Amino acid sequence: MRRWCKSLWQVRMTLEPLKAEIEANVPGCRLEIVPNPSPSAQHSLLIDAEHAVAVATFLRDAKNLQFDYCSNVTGIDWPSREITEKVKVTKTIEGPDGTPVEQEVEEVRKSQTVGHLEVVYHLYSMALKHGPVVLRMRTEDRGERVHLPSLISVWRSVDFQEREVFDLYGVVFDGHPDLRRILMWDEFVDHPMRRDYIDPDDYEYEPTAHDEVMRRTNEHHGRTA
Amino acid sequence: MDEALKAELSKQGIFTVTLQELYNWGRKNSIWPLNFGLACCAIEMIATTMARYDLARFGAEVFRPSPRQADLMIVAGTITKKMAPQVVRLYNQMPEPKYVISMGACAISGGPFKQGYNVLKGIDRYIPVDIFIPGCPPRPEALIDGFMALQAKIDAQQLTGSTRPRHLNAAEPSEFIVPEFGAHDLEPPKNTTVWHAPLVQISLAGADDSGAA
């Protein structure tokens, strides 16, 4: 147990050398450490889609790493959100005596971030008994460009879980041999775990309705609360 | 038949019954459930049939693996929308007279998963249910109680007249619509000939600041 904990600590706390090692061995790959500020401090490694298979293969095959087990694949939906920034701008304003005066004004700027989908892989090494290393991959947006490479050629165990991420989030895994829906039926068109999924209006009978359910129930019965 | 005469005859070793009593007595004591479970409630159902609770005492020990040989469907567990058409199809394949016990919160209403994207809000949206057993999951005693309630229901059935059961009324349906997989939900989302939303007064308390219900 002690050895396990120690290795856990080592791997978790030292993503920096791991990053450097991957960068040295997979030329051209772009890595980024995504810090986790919570007490678990489970930082993760953001990898780019082009080199994902190469990075994964390296993690699996390197003698000192041997991440031979991908225990979990999951998805995250990051919808686009509004960011408000305060920017200091120098503006020329007409002074009281008619001459232009330069003045520093704070301006609030609002912009929309590009939403994206994220896929998370948890890796362990059965051989060296260490882990987890958390890999992340991001799609370009949430609409058309949702393609990511499948890691099934590296870890066979991601088969059903990538299908699940495809089903519930709509991430298309290129190279997956059998990318079908797994939980929902084939005719279904939505991706129910996305934040903007709207479930069908079957709120006829909600005996203990409250909050969102109450809103939907009232909506269904044509009333506004 | 006169009750006094009936008692007098029984003293002489002659038992008189109506055909209805005999028919209902025979059916209620030989219910064959369908060997069919959907989720954790099925574990309680299995426990009910085993030695400790022994459903065989009520004449229902033969769980049939085929719907053609069963006359009771115990819907034990969460019905996912993906599974619902198969549940209705199995029900349609059972011969009349047939009964349904909706066991547990999920089968009644969707239970803790009611607002889930793939959970049917109760099997009574598609097929007629005779007995509802609340619980999550219900204990075997609750299933036995529900089973005895079903027996009492069968025993009280009139074979003639306007209240006669469905299987003796040619005008009543024996098969129900099997829903199809649609783009966003099952099609139809409910069978309106079977299910009507119960009338509920939705309290508006908490929805506004007035506090008035």
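Residues numbered from 1 in each chain as written. Chains lettered and ligands numbered in written order. Predicted model: local features only at pLDDT ≥ 70, side-chain atom pairs only at ≥ 80, totals over all residues. Heavy atoms only, no water.

Draft legend 1. How the structure looks around unusual backbone geometry. For the peptide bond that leads from B:E96 to B:P97, omega is -10 degrees, which places it in the cis range. For B:P97, the location among the structural elements is in the loop between helix 4 (84-93) and strand 2 (99-103). For A:A41, which is not glycine, the phi torsion reads 50 degrees and is therefore positive. With respect to the element layout, A:A41 can be found in the loop between strand 1 (31-34) and strand 2 (44-47). In this structure, B:D54 is a non-glycine residue whose phi angle is positive, near 55 degrees. Of note, B:D54 is situated in the loop between helix 3 (41-49) and strand 1 (72-76). (Helix = DSSP H or I, 4+ residues; strand = E, 2+ residues; numbered from the N terminus.)

Draft legend 2. Layout of the interface of chain B and chain A. Contacts between the two partners involve 25 residues from chain B and, on the opposite side, 26 residues from chain A. Here chain B meets chain A over a buried area of about 2300 Å², counting both sides, of which 60% is carbon and sulfur. Taken together, chain B and chain A are joined by six salt bridges. (Contact = heavy atoms within 4.5 Å. Buried area = accessible area lost by both parts, 1.4 Å probe. Salt bridge = Lys/Arg side-chain N within 4 Å of Asp/Glu carboxyl O.)

Draft legend 3. The arrangement of the sheet that holds strand 3 (residues 131-133) of chain B in detail. Residues and elements named next belong to chain B. Across the sheet, three strands lie side by side as 1-2-3; this open sheet has parallel pairing. At either margin of the open sheet sits one strand with a lone partner, and together these are strand 1 and strand 3. The sheet shows a mean angle of 15 degrees between the axes of neighbouring strands, direction not considered. Pairing of strand 2 with strand 3, which is carried by three bridges, proceeds in the parallel orientation. (Pairing = 2+ DSSP bridges. Axes fitted to C-alpha atoms, helices over the stretch in contact; angles between N-to-C directions.)

Draft legend 4. Representation of the sheet that holds strand 1 of chain A. Residues and elements named next belong to chain A. Read across the open sheet, the five strands follow the order 1-2-7-6-3; overall the sheet is mixed. The open sheet has two edge strands, strand 1 and strand 3 (69-78), and neither has a second partner. Averaged over all neighbouring strand pairs, the angle between strand axes comes to 25 degrees, with direction disregarded. Bridge count between strand 2 and strand 7 (residues 130-138): three bridges; the pairing is parallel. Paired with L45 across the strands is L135, a residue of strand 7. Its contacts with the sheet place helix 4 (residues 158-169) against strand 3 and strand 6 (116-125), and it is angled at close to 10 degrees to strand 3.

Draft legend 5. Structural view of a nonpolar patch on the surface. Residues and elements named next belong to chain B. A contiguous nonpolar surface patch, about 470 Å² in accessible area, is contributed by V17, L19, L22 and W25. Mapped onto the elements, V17 comes out in the loop between helix 1 (3-11) and helix 2 (19-28). Since its relative accessible area comes to 52%, V17 is described here as exposed. (Patch = residues over 30% accessible without salt bridge, like charges linked within 9 Å, V, L, I, M, F, W, Y side chains within 5 Å. Areas by Shrake-Rupley, 256 points an atom, 1.4 Å probe, with all protein chains shown as cover. Buried < 20%, exposed > 50% of the residue type's maximum accessible area, 1.4 Å probe, protein only.)

What is shown is where atoms sit, not what they do.
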